[in-house]
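Observations on the model geometry
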Amino acid sequence: MSKTPRMLSRPRMVNRRKQAHFDITIKGASHSHWQDPYHLLLTLNWFWFFVAIAVFYIIINTLFALLYLAGGDCLENASPGSFADAFFFSVQTMASIGYGVMHPRTDYANFIVTIEALVGLMALAMSTGLMFARFSLPTAKVIFSNVAVITPYNGVPTLIFRTANKRRNRILEAQVGVSLLRDEITKEGDFMRRFYDLKLVRNQTPIFALTWTVMHTIDESSPLYGATPESLVDNNSEIVMILTGLDETVSQTIHARHSYIESEIFWNHRFVDIFSRTRNGRPLIDYTRFHDVEVI
């Protein structure tokens, strides 16, 4: 463990290869987001969610407007053949506005209005449910250090990374699990992507409110024992961690995940101290230096 890369005071690393670990081409098992629209609508960002709702709203009203036009002069006080009148009558019907200026004049129009009223009720219920589901999804505002370091701790090489709770609340019974992923070839010549659990100095805390320095001792029992920067590259190694806990505000389980590839593991570095005290003696955490490391 002798390789010492150049010092980076504030690492901000983006590696395409890291993204590629989750970009897997699947053959023989097709999957499309359109086959799971509920999950798609839950995972879209808010802008595209509202765009999707607006597009659906316009399409469904356009379809009913065309149905009204197909019935000929079936709407009272509407211009014959006017798509605009039919469209806005559809909007009024679906929203149960009922201005009274335009109304059905034939049995055909009343039949379409009945169907549209039912569709409007269902669409309102589904959109309300989706909105509530999106707002009620438990989320974790947990950050991880941009890099992990391997540094001596009590005379033993130790893998260390930092994590912090960005919210001004507490995560109760927080637990973190760390695994090593690497490529291996069995004695029979078969390729495998193996997972190895890394034992931590402390893997849980009753209250996670500020920061947490997660440490794994690299001793004889560690899967990283004897590893070098070159071997991590050769084995396509990656460190993956998952943090779970109970958000005391919403009383729901939350989780956060992160990973480090070999180029984001700094050997013979240590994290800069971010703890100090103010002039009046109050503890101070400097998050502006949360990701900073220095060469030993």
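Residues numbered from 1 in each chain as written. Predicted model: local features only at pLDDT ≥ 70, side-chain atom pairs only at ≥ 80, totals over all residues. Heavy atoms only, no water.

All right, on to a nonpolar patch on the surface then. On the surface, a cluster of nonpolar side chains totalling about 440 Å² of accessible area is made up of Val55, Ile59, Leu63, Leu66 and Phe83. Here the nonpolar patch takes 4 residues from helix H3 (residues 46-70), the largest share from any one element. Mapped onto the secondary structure, isoleucine 59 falls in helix H3. (Patch = residues over 30% accessible without salt bridge, like charges linked within 9 Å, V, L, I, M, F, W, Y side chains within 5 Å. Areas by Shrake-Rupley, 256 points an atom, 1.4 Å probe, with all protein chains shown as cover. Salt bridge = Lys/Arg side-chain N within 4 Å of Asp/Glu carboxyl O. Helix = DSSP H or I, 4+ residues; strand = E, 2+ residues; numbered from the N terminus.)

Across 4 bridges, strand E6 (residues 171-185) lies against strand E8 (residues 204-208) in antiparallel orientation. Note on E8: the bridge partner recorded for glutamine 175 is glutamine 204. Across 9 bridges, the pairing between E6 and strand E10 (residues 238-247) is antiparallel. Considered in E10, the bridge of glutamine 175 is made with threonine 244. (Pairing = 2+ DSSP bridges.)

Take the layout of surface pockets next. Of the volumes computed, that of the largest pocket is approximately 650 Å³. Secondary-structure elements contributing two or more residues to the lining of the largest pocket are helix H2 (37-43), H3 and helix H5 (107-136). Residue composition of the lining of the largest pocket, by class: 21 nonpolar, 3 polar and no charged. (1 Å grid on protein atoms, 1.4 Å probe; cavity = no way out; pocket = protein on both sides within 12 Å on 5 of 7 lines; lining within 4 Å. Points joined across faces, edges and corners; volume = space filled by probe spheres on them. Nonpolar A, V, L, I, M, F, W, Y, C, P; charged D, E, K, R; others polar.)

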